[in-house]
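Observations on the model geometry
One letter stands for each residue in the lines below.
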Amino acid sequence: IEDAYILAQRLGGLKSRSSIPSTLQAFYLSRLPRTAICQGLSRIASDLIVSAFDTPFQPGWVDDRYGPLGGPWGVNNIFTNLFRPFMGAIFYGQFGYLYTFHPEQCSDQEIERLVDEVMTRHRVDAEATWAKAGMMSQEDMDKADGREGSGLSFRATT
């Protein structure tokens, strides 16, 4: 998706067809490092999860496909437990890099408007679904429970 976005921007800014080959070459060279890193990180993570980690844990008497080294004393299980304290930082770094592509920067007002728009649309859709299913709306449940608002931010009215 990132490549499509960047390619559309670059091709959309062209003034003549003669500059297409050089634009495609520049696109290729500029995107190569990021795409190689993303693919490499994904491949390493996939290989580790499939081959090295014992996920999900299965005791040897439940799943003996790893033979006598399976279960709690299996190599994969020991490896998983040794790396468990570091997995949060590893995943944070990996996904932090994978999700750093931001083609557009939004202002605080735009973000607030988008969040309000999504939350309003969600509430309207949820209320319609509740009504269709014959259930009480969130507003009716709040009134019945003596609350104003809902979720973690509700305030008692009594």
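Residues numbered from 1 in each chain as written. Predicted model: local features only at pLDDT ≥ 70, side-chain atom pairs only at ≥ 80, totals over all residues. Heavy atoms only, no water.

1. Quick look at the packing of aromatic side chains
Following the criterion strictly, the structure yields 3 aromatic pairs and no others. Ring plane angle 20° and centroid distance 6.2 Å describe the contact between Phe95 and Tyr99, whose orientation is recorded as stacked. Residue Phe95 is classed as partly exposed on the basis of its relative accessible area, which comes to 38%. In textbook terms, an aromatic cluster arises when at least three aromatic residues are bridged by ring pairs, as seen for Phe91, Phe95 and Tyr99. Its guanidinium or amino end placed over the ring of Tyr97, Arg34 lies 4.7 Å from that ring's centre, counting from NZ or CZ. (Phe/Tyr/Trp six-rings, centres within 6.5 Å; stacked < 30°, edge-to-face > 60°. Buried < 20%, exposed > 50% of the residue type's maximum accessible area, 1.4 Å probe, protein only. Lys NZ or Arg CZ within 6 Å of the ring centre and 35° of its normal.)

2. Re a nonpolar patch on the surface
Side chains of Ile78, Leu82, Phe83, Phe86, Ile90, Phe91, Phe95 and Tyr99 sit close together on the surface and give an oily, nonpolar patch of about 800 Å² of accessible area. Along the polypeptide, Tyr99 turns up in the loop between α3 (75-98) and α4 (108-133). (Patch = residues over 30% accessible without salt bridge, like charges linked within 9 Å, V, L, I, M, F, W, Y side chains within 5 Å. Areas by Shrake-Rupley, 256 points an atom, 1.4 Å probe, with all protein chains shown as cover. Salt bridge = Lys/Arg side-chain N within 4 Å of Asp/Glu carboxyl O. Helix = DSSP H or I, 4+ residues; strand = E, 2+ residues; numbered from the N terminus.)

3. Topic: the confidence of the model for the protein chain
For the protein chain, per-residue confidence averages 79 on the pLDDT scale, and 78% of positions sit at 70 or higher. When mean pLDDT is taken per element in the protein chain, helix α1 (residues 2-12) scores highest with 92 and strand β2 (residues 155-156) scores lowest with 46. Scored below 50 in pLDDT, residues 152-156 makes 8 contacts in the model with residues more than four places away or belonging to other chains. (pLDDT = per-residue confidence, 0-100. Contact = heavy atoms within 4.5 Å.)

4. A look at α4
Counted at 1.5 Å a residue, the expected span for α4 with its 26 residues is 38 Å, and the 37 Å between its end C-alpha atoms agrees. Phi turns positive one or two residues past the end of α4, at Gly134, with a value near 80°. (Expected span 1.5 Å × (residues − 1).)

5. Points about the side chain of Arg31
Relative to the helices and strands, Arg31 resides in helix α2 (residues 20-52). Looking at Arg31, the relative accessible area reads 10%, which means it is buried. For Arg31, the contacting residues outside a window of four places in its chain are Glu2, Asp3, Ile6 and Phe101.

6. Some remarks on the pattern of salt bridges
In the structure shown here, the tally under the stated rule is 6 salt bridges. A salt bridge links Glu2 to Arg34; the shortest N-O distance between them is 2.7 Å. Linking Glu2 in helix α1 with Arg34 in helix α2, this pair joins segments that are 32 residues apart in sequence. For the pair Glu2 and Arg34, a shared accessibility class is recorded, and that class is buried. With a closest N to O distance of 2.6 Å, Arg31 and Asp3 form a salt bridge. Residue Arg31 is located in helix α2, and its partner Asp3 is located in helix α1; the two are separated by 28 residues in the primary sequence. Overall, the relative accessible area of 30% leaves Asp3 in the partly exposed class. Three or more residues are tied together by salt bridges with common partners; here these are Glu2, Asp3, Arg31 and Arg34.

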